[in-house]
Every structure is written in C-alpha cells, then in structure tokens.
Amino acid sequence: MSHALVVGAGVAGLATAWGLVKRGWTVTVLEKGEIPNPTAASCDHHRLTRWHYGDHIGYAARMGLAFEAWDRLWHDLGVCHYVETGVFAVSTEEGDWADTSCRAMDKLGLPHERISAADAVARFPNLNPDLAARFVSYTPTGGALMANRILEGLRDWLAAKGAEIRTGTEVAELDAEAGAVITASGERLTADTVVIAAGVGAPALGFPGAPDLVPTTSTIVYVEPPEDLADAWQDAPSWVDFGGFDDLWGIAPVEGLPPKLGLGRLSVPGDPETGRVATEERVQEIIAAYRGMFRDIDRFTVRSAQTNFYTTAPENRFVLRRAGKAVLLSADSGHGFKFGALSGYEAAEAMDEPGRFDIIAERMAGHFAG
Ligand SMILES: Cc1cc2nc3c(=O)[nH]c(=O)nc-3n(C[C@H](O)[C@H](O)[C@H](O)COP(=O)(O)OP(=O)(O)OC[C@H]3O[C@@H](n4cnc5c(N)ncnc54)[C@H](O)[C@@H]3O)c2cc1C
C-alpha cells in the first residue's frame, strides 16, 4: 500500500488526502496550525462558487466537473455544505468580464440568462434602482461553499478512515528526491510521495522547479443591511462582477450570515506575516466601491472584516508538478476553493496513475482545446 505525506490542510491538501484514501493509500497530513487554520486561504465561513469565468474559458469548461466532485464529497461526508443562491454579473461595456463570461458560456452550452437592467432591478430589489448596466447575466446555480465546515468534515472523515492527522506540525524542509520532510522540531518523515499543498507556505519549502508563487492579499467585509432593506436582501443572489475594473464579488446572506463584500482590485502582492490587518481605510474603500451597485450601501453596518492571503501562480492557473518523490499542488490564484474537491480528487488520480500525471496537470491548468 502506498503512503503519502500531505503537507498543508487547506482544501487542496485535505481533498487530496480524501482522493488518496479513496484509492487505498495510507495518508499522513501535516498541518502547522489547527484545522481550519485561521491563516489558511481556505479558512472563512464560505467561499463563492460560480460559472462565470471571463475569458478563462478552460475553467468555465471545468465547472461542471467541479460541481460533480463536490457531490461525491457530500455523498462521502453524508452532508451537503453548499448553499445555492444563484449568481449574477453585470455588464457595463462590450467585451467586459460579464460579456466575455456570457460568450464563453454560450460557446460551452452552459445555461444562463441575460436580463435587462430594468428587469434585474425588479427581480433583485437589493440592487440600486438606477443601476448602470448593458445587461445582467444570471445563473440559477452557484452560491456558497461553507468552507470551514468542509475542512472540518474532511478532517473528521479522514480521521475516521484511519488517516493520521498531525496538527501543530510545521514542515521546515523538503527533500524531494528522497520523499522526505524535516519538521520544525527536527523529525524526519518519509513516504512514497510527499504532497506540498502548503498555500503561501509552499515557496519556503523550495520545491524543485516550482513556478513563481506570489502571496496575494485579499480583504472581505461582512455587512448588515439596515432593517428596512432586510426583505430586499432575502433570497438575493450572490454576485461576481459589476463591470469596470473593480472586480466586485460577494456572497448573498446564507445561513444567518450577512452579505460578504469583496473587491478584487485591492488584491495585490503582500507579506502574509505582517499584512493581515483589515484596516478601517481598506474596509471603507470596499464599501465605497459598492456605491451605485446596491441600494443605500452607506447605511449598512460593518459586522466584521478579514484580510487573508492566497497564492498567485503565473497566468492565474493551477499548478500540479512533480519532482523526484514529491508533488506540488497550488490550485489557487484566488479562485481555487470552488475547485477544491476536484483538484484534490485529480491530484490523487495523478499520483495513483503516474502515467497520466502530465495530462491531468495540463487539464488542471485550465488549458482549453475546444
Ligand atoms: C479572502 C479570500 C477570498 C477568496 N474567495 C474565494 C472564492 O470566493 N471562491 C474561490 O473559489 N476561491 C476563493 N479564494 C481562493 C481560495 O480560498 C484558495 O484558492 C484555496 O482556499 C487555497 O487552498 P490551499 O489548500 O491551496 O491553501 P490554504 O488554504 O492556504 O492551505 C494551506 C495550508 O498549509 C498549511 N501550511 C503552510 N505551510 C506549512 C508548513 N510549512 N508545514 C505545515 N503546514 C503548512 C497552512 O497552515 C494551511 O492550512 C479566496 C481566497 C481568499 C484569501
């Protein structure tokens, strides 16, 4: 029976461990913090999943597989951690993100609606009645993946299946040729394969031939609408763009959580050791970016805010590489949670069937041949 050491218990590492256990591997997970680790990119109440993908058509083409992989995970966990809200994207100019997303979905035959601005405002009363839009694109599927509950569910499933889960175990060094790691406390561990799924912790481990993996900051804000707008937000969809270059995305209220606002424009390279404070200035900048998008955004109350880090790879693609007895998985670039179950499942497939490794890695990188 093959044995894997999986370094990192974010969604990528835990889902890879899930895929390997299903294939009969013995797995040891090494995580420097707890699970979920508050500094992991995967850690929050939820993450958005949606079909819109701009001109990254290769990822749009893989979304159906991503949903199927989550379904396989819900089956194994015996519980579903996905809340469907529907998702919209606003187009303000020809060729913008919503427009290219629609063209990609048309090409792929994915179901979506184009709604006029007037109809969208009537249908989604949380929107600004004067919303500037050429059209609004809507998919009834997509919504919130309950991230922390998914990590906890995977952790518990793995433990129940006999995987060893070692929290508080930081890996300090990788020896890819030998299939070995040395922990911060000096312990040397070996396996048939070592999987590096350490998020922003990966570059420090010096994986041979790794591409540039850049820690990138991202702040989100949970906001409460005023009481008189509560009805307008009930059953509201999540959103993934409002046109222009701001990259406004967010998650509608689900399971008692208030709306979550994101602003991709502020996602820039940063230092995960020192840059984790969600400053008041940044929070206010995010809220200001939503003026004209949602009704009366200035009357909303900030409930909480977080600054976290993800790992950006070249062209925002996912990376699956091998060197000696080690495998690097960085399926992130700020859009990796929605693919978490699929990325882990496919990474396990690539390790278990090494003759297919390169083709699986190419597929995961979202290259589109269709
Ligand atoms: C604010 C924010 C919002 C996002 N929103 C979305 C979204 O809406 N939809 C979406 O699809 N994606 C989203 N993403 C991206 C998504 O969260 C990431 O792509 C995904 O969670 C990456 O998972 P991972 O397992 O690769 O990394 P991580 O979750 O960071 O996991 C890495 C783990 O490795 C551990 N580790 C690190 N170094 C070591 C070491 N040396 N030894 C042992 N353990 C180590 C860490 O503690 C951590 O637990 C968002 C990211 C952020 C930060």
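Cut-offs and rules
Residues numbered from 1 in each chain as written. Predicted model: local features only at pLDDT ≥ 70, side-chain atom pairs only at ≥ 80, totals over all residues. Heavy atoms only, no water. UniProt positions renumbered as here; feature names shortened; annotations may be inferred. Pairing = 2+ DSSP bridges. Helix = DSSP H or I, 4+ residues; strand = E, 2+ residues; numbered from the N terminus. Axes fitted to C-alpha atoms, helices over the stretch in contact; angles between N-to-C directions. Salt bridge = Lys/Arg side-chain N within 4 Å of Asp/Glu carboxyl O. Buried < 20%, exposed > 50% of the residue type's maximum accessible area, 1.4 Å probe, protein only. Domains from an automatic or database assignment. Contact = heavy atoms within 4.5 Å. Buried area = accessible area lost by both parts, 1.4 Å probe. Polar contact = N/O pair within 3.5 Å; in protein donor to acceptor, adjacent residues only side chain to side chain. Nonpolar A, V, L, I, M, F, W, Y, C, P; charged D, E, K, R; others polar. Core = buried A, V, L, I, M, F, W, Y, C linked by side-chain atoms within 4.5 Å. Near = heavy atom within 4 Å. Areas by Shrake-Rupley, 256 points an atom, 1.4 Å probe, with all protein chains shown as cover.

Looking at an unreviewed UniProt entry, the chain carries the name Glycine/D-amino acid oxidase-like deaminating enzyme, with the source organism given as Amorphus orientalis. Word for word, the UniProt comment on the chain under Cofactor (unreviewed entry) is "FAD".

A.B. asks: Explain the sheet that holds strand E10 (residues 171-175) here, please?
C.D. replies: Whenever strands of a sheet pair, they do so through backbone hydrogen bonds, lying parallel or antiparallel. Within the open sheet, the 3 strands sit side by side as E10-E11-E12. Their pairing is antiparallel. Edge positions in the open sheet fall to E10 and strand E12 (188-190), since each of these has one partner strand only. Between one strand axis and the next, the sheet turns through 25° on average, direction left out of account. Where strand E11 (residues 180-183) meets E12, 3 bridges bridge the pair, whose relative direction is antiparallel. Its bridge partner lying in E12, Val 181 is registered against Leu 189.

A.B. asks: When you look at the pattern of salt bridges in this model, what are you seeing that I'm missing?
C.D. replies: Pairs can form between side chains of opposite charge whenever their charged atoms are close. Summed over all chains, the structure comprises 26 salt bridges. A salt bridge links Glu 113 to Arg 123; the shortest N-O distance between them is 2.9 Å. Highlighted residues: Glu 113 in strand E6 (residues 113-115) and Arg 123 in helix H4 (residues 117-123), separated in sequence by 10 residues. Classification of Arg 123 by relative accessible area gives partly exposed; the value is 39%. Glu 349 is the salt-bridge partner of Arg 363, the closest N and O atoms lying 3.5 Å from each other. Pair noted here: Arg 363 is in helix H9 (residues 357-364) and Glu 349 is in helix H8 (residues 340-352), with a separation of 14 residues, a long-range link. The network of salt bridges with common partners includes Arg 23, Arg 62, Glu 346, Glu 349, Asp 352, Glu 353, Arg 356 and Arg 363.

A.B. asks: Can you help me understand the domain arrangement of the chain in this one?
C.D. replies: By a widely used convention, the size of an interface equals the accessible area lost when the partners come together. Along its sequence, the chain is organised into domain 1 (3-46 + 147-212 + 314-364) and domain 2 (87-140 + 214-312). Contact with domain 1, which involves 18 residues of that partner, is made by 17 residues of domain 2. With both chains or domains summed, domain 1 and domain 2 bury close to 1,400 Å², and 51% of this area falls on carbon and sulfur atoms. It is Asp 44, His 46 and Val 200 in domain 1 that bury the most area against domain 2; as a group they hold 40% of the surface buried on that side. Our count for the domain 1 to domain 2 interface comes out at 2 salt bridges. Lys 260 is the salt-bridge partner of Asp 44, the closest N and O atoms lying 2.8 Å from each other. For the pair domain 1 and domain 2, the number of links is 10 residue pairs in polar contact (both at pLDDT 80 or more). A class-by-class count of the residues in the side of domain 1 that touches domain 2 yields 6 nonpolar, 8 polar and 4 charged.

A.B. asks: Honestly, unusual backbone geometry in this entry has me stumped. Any pointers?
C.D. replies: The bulk of non-glycine residues show a negative phi, and the bulk of peptide bonds are trans. With an omega of -5°, the peptide bond running from Ile 35 to Pro 36 counts as cis. Unusually for a residue other than glycine, Asp 247 sits at a positive phi of about 60°. Here Asp 247 shows up in the loop between strand E15 (238-241) and strand E16 (248-251). Overall, Asp 247 belongs to the partly exposed group, its relative accessible area being 34%.

A.B. asks: Help me understand the nonpolar core, please; the structure alone is not making it clear to me.
C.D. replies: Most often, soluble globular proteins have nonpolar side chains that are buried together. Counting residues in hydrophobic clusters, the biggest one holds 57 residues, and the most contacted among them are Val 27, Trp 70 and Leu 320. Of the residues forming this core, the biggest block, 10 residues, is contributed by helix H2 (residues 57-77). Membership of the second largest hydrophobic core comes to 31 residues, among which are Val 90, Phe 124, Leu 127 and Leu 248.

A.B. asks: Hey, could you run me through the UniProt feature "domain: FAD dependent oxidoreductase" (unreviewed entry) in the chain in this one?
C.D. replies: Taking the numbering used here, the UniProt-annotated feature "domain: FAD dependent oxidoreductase" (unreviewed entry) corresponds to residues 4-349. Structurally, residues 4-349 comprises 26% helix and 27% strand, and the distance from its first C-alpha atom to its last is 13 Å.

A.B. asks: Can you walk me through the pairing of strand E14 (residues 214-224) in this structure?
C.D. replies: Moving residue by residue along a regular strand, the side chains alternate between the two faces of the sheet. Most of E14 sits inside the fold, with 8 of its 11 residues counted as buried. In the sheet, E14 pairs with strand E17 (residues 260-263) via 3 bridges, with the strands oriented antiparallel. Bridge pairing links Tyr 222 to Lys 260 in E17.

A.B. asks: Before we go on, may I ask you to explain the site of the ligand in this structure?
C.D. replies: Surveying the vicinity of the ligand reveals 34 residues, the closest of which are Glu 31, Ser 42, Leu 48, Asp 332 and Lys 338. Separating an oxygen atom of the ligand from a side-chain N or O atom of Glu 31 is a distance of 2.6 Å. Separating an oxygen atom of the ligand from a backbone N or O atom of Gly 336 is a distance of 3.0 Å. For the ligand, whose free accessible area comes to 1,000 Å², the fraction covered by protein is 96%. Grouping the constituent residues of the shell around the ligand by class yields 16 nonpolar, 12 polar and 6 charged.

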